[in-house]
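Spelled out from the first residue to the last, the chains are:
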Amino acid sequence: MTKTENLTPIRFHFYSLKFTPYKDKEREYSSNTILKDIITYITVQKRDGKGHLIDRHHNRPQGERRELFMTSAIFMHRERRIRCSMALLRAGKKPKIKPVDKFKLIPISTLGTPAEETHFFIDFSRDHAVICLEYNYHGPRISDIEYYLRNVARDTLKLSKTTDVNLYMDTSIDDTLADFKNVLNMDIKINPSSFTQMDNRLVGSYFTHLNNIGNFLKPKFLKLEAMFQTPGRSIESSEINKEANNMFTDLLQTFRGRPFNIDCFDSFVVKYEDKEGQEEVFNLLKGKKEVIIEIDLNTITKRRQWYELIEKEFDEFINSL
């Protein structure tokens, strides 16, 4: 095996992070001071041998647990950044491991609970923070991080009434909303397990049947293709697809206001006619502001090395804002 074949592409995405303090805290706290108090609380918990564990699905009596906790939170005061990582405890069937020198499997539960870890870094050099997040399909997502930080800020520290996270994109959702006239085709692919991460309103409005099929058949992926354009025919005003247009508008507005829903889709491609009569394509996932780093994961032995992977690109992104 060549050295190149050992490389794994690691994707990083960027998000803004803003906390709004309670009215009686406005004089004393800004978004960044709330963030610093959250991280200080977490580091004190870790120093005392404790941890702040949150089950994001605690109010779903029949759903699988989604337990999260911060595994690392380190201030980098000179850089005005924070190096973080978060773990997601794996629910359901537990994997096994094979000892190096034996041909048998040992339940991993004898060692502890299996977990997936996601690394992320927060810059607080501006009036609001910016998150650089490793994309880990099986680990915590931006929705988990937002939920966790909001829970600590609001329910534990009693400092913030709202937490806002927005995705930085190359493709402007606002421009698409302003320019599109008529949806022609929709091509959507989703892992059934992602419905548990999606806004309940979106599932109820558009994906109830797909969710039911996913629960019943348990496929790896579900795909929705909807074609409104008749092959070989020009688009006429009488063929405006009001229902599809309303759905597309609603989804785009939700992606803009609650960007964690974007990570629920494995593909989201919509062909549409703009107001000038031209055919355009909106590709949600290709619109993300993204940096891809190829690395031999065997060379990563320290947490700081995850930050060093993306430090230069993170600097460039912050300087471009």
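Residues numbered from 1 in each chain as written. Predicted model: local features only at pLDDT ≥ 70, side-chain atom pairs only at ≥ 80, totals over all residues. Heavy atoms only, no water.

Caption draft 1: Representation of the environment of Pro9. Along the polypeptide, Pro9 turns up in strand E1 (residues 7-21). Spatially, the C-alpha atom of Pro9 lies 39 Å from that of Glu243, the residues being 234 residues apart in sequence. With residues up to four places along the chain from it excluded, the contact list for Pro9 reads Ile292, Ile293 and Glu294. (Helix = DSSP H or I, 4+ residues; strand = E, 2+ residues; numbered from the N terminus. Contact = heavy atoms within 4.5 Å.)

Caption draft 2: Quick peek at the pattern of salt bridges. In this structure the tally under the stated criterion is 20 salt bridges. Glu146 is paired through a salt bridge with Arg150; the nearest N and O atoms lie 2.8 Å apart. Of this pair, Glu146 and Arg150 are both found in helix H2 (residues 142-156), 4 residues apart, which corresponds to roughly one turn of the helix. Given a relative accessible area of 10%, Glu146 falls into the buried group. Residue Asp155 is joined to Arg154 by a salt bridge in which the shortest nitrogen-to-oxygen separation is 2.8 Å. A residue is classified by how much of its surface remains accessible, and Asp155, at 34% relative accessible area, is partly exposed. (Salt bridge = Lys/Arg side-chain N within 4 Å of Asp/Glu carboxyl O. Buried < 20%, exposed > 50% of the residue type's maximum accessible area, 1.4 Å probe, protein only.)

Caption draft 3: Expanded view of helix H1 (residues 31-47). Relative to the 24 Å expected for 17 residues at 1.5 Å per residue, H1 spans 25 Å between its end C-alpha atoms, a close match to the ideal helical length. For H1, the full list of buried residues reads Ser31, Asn32, Ile34, Leu35, Ile38, Ile39, Tyr41, Ile42 and Gln45. Note on H1: the residue one or two positions beyond its end, Gly49, has a positive phi of about 75 degrees. (Expected span 1.5 Å × (residues − 1).)

Caption draft 4: View of the sheet that holds strand E11 (residues 222-227). If you walk across this open sheet you meet the 4 strands as E11-E10-E12-E13, and the pairing is antiparallel. The two strands at the open ends of the sheet, each matched to only one other strand, are E11 and strand E13 (279-283). Taking each pair of neighbouring strands and ignoring which way they run, the sheet shows an average axis angle of 20 degrees. Running over the sheet, helix H5 (residues 242-257) touches strand E10 (180-190), strand E12 (267-274) and E13 and is turned about 65 degrees from E10. (Pairing = 2+ DSSP bridges. Axes fitted to C-alpha atoms, helices over the stretch in contact; angles between N-to-C directions.)

Caption draft 5: Representation of a nonpolar patch on the surface in the model. Taken together, the side chains of Ile213, Phe216 and Leu217 define a hydrophobic patch exposed on the protein surface, amounting to about 350 Å² of accessible area. Residue placement: Leu217 occurs in helix H4 (residues 200-217). (Patch = residues over 30% accessible without salt bridge, like charges linked within 9 Å, V, L, I, M, F, W, Y side chains within 5 Å. Areas by Shrake-Rupley, 256 points an atom, 1.4 Å probe, with all protein chains shown as cover.)

Caption draft 6: Structural view of the packing of aromatic side chains. The full count for this structure, using the stated rule, is 15 aromatic pairs. Relative to Tyr272, the ring of Phe180 has its centre 6.2 Å away and its plane inclined at 85 degrees; by these criteria the two rings are edge-to-face. One end of the pair, Phe180, is in strand E10; the other, Tyr272, is in strand E12, and 92 residues separate them in sequence. Judged on exposure class, the residue Phe180 and its partner Tyr272 are both buried. Ring pairs connect the aromatic residues Phe195, Tyr206, Phe207, Phe255, Phe265 and Phe268, which therefore count as one cluster. For Arg81, the ring lying beneath its charged end belongs to Phe314, and the centroid distance is 4.4 Å. We note Lys189 situated over the ring of Phe221; from NZ or CZ to the ring centre the distance is 4.4 Å. (Phe/Tyr/Trp six-rings, centres within 6.5 Å; stacked < 30°, edge-to-face > 60°. Lys NZ or Arg CZ within 6 Å of the ring centre and 35° of its normal.)

Caption draft 7: Here's a closer look at the pairing of strand E8 (residues 129-134). Among the 6 residues that make up E8, 6 are buried, leaving the element largely enclosed by the rest of the structure. Of the two faces of E8, the one lined by Ala129, Ile131 and Leu133 and the one lined by Val130, Cys132 and Glu134 are each fully buried. The sheet contact formed by E1 and E8 spans 6 bridges and is antiparallel. By the bridge assignment, Leu17 is partnered in E8 with Ala129.

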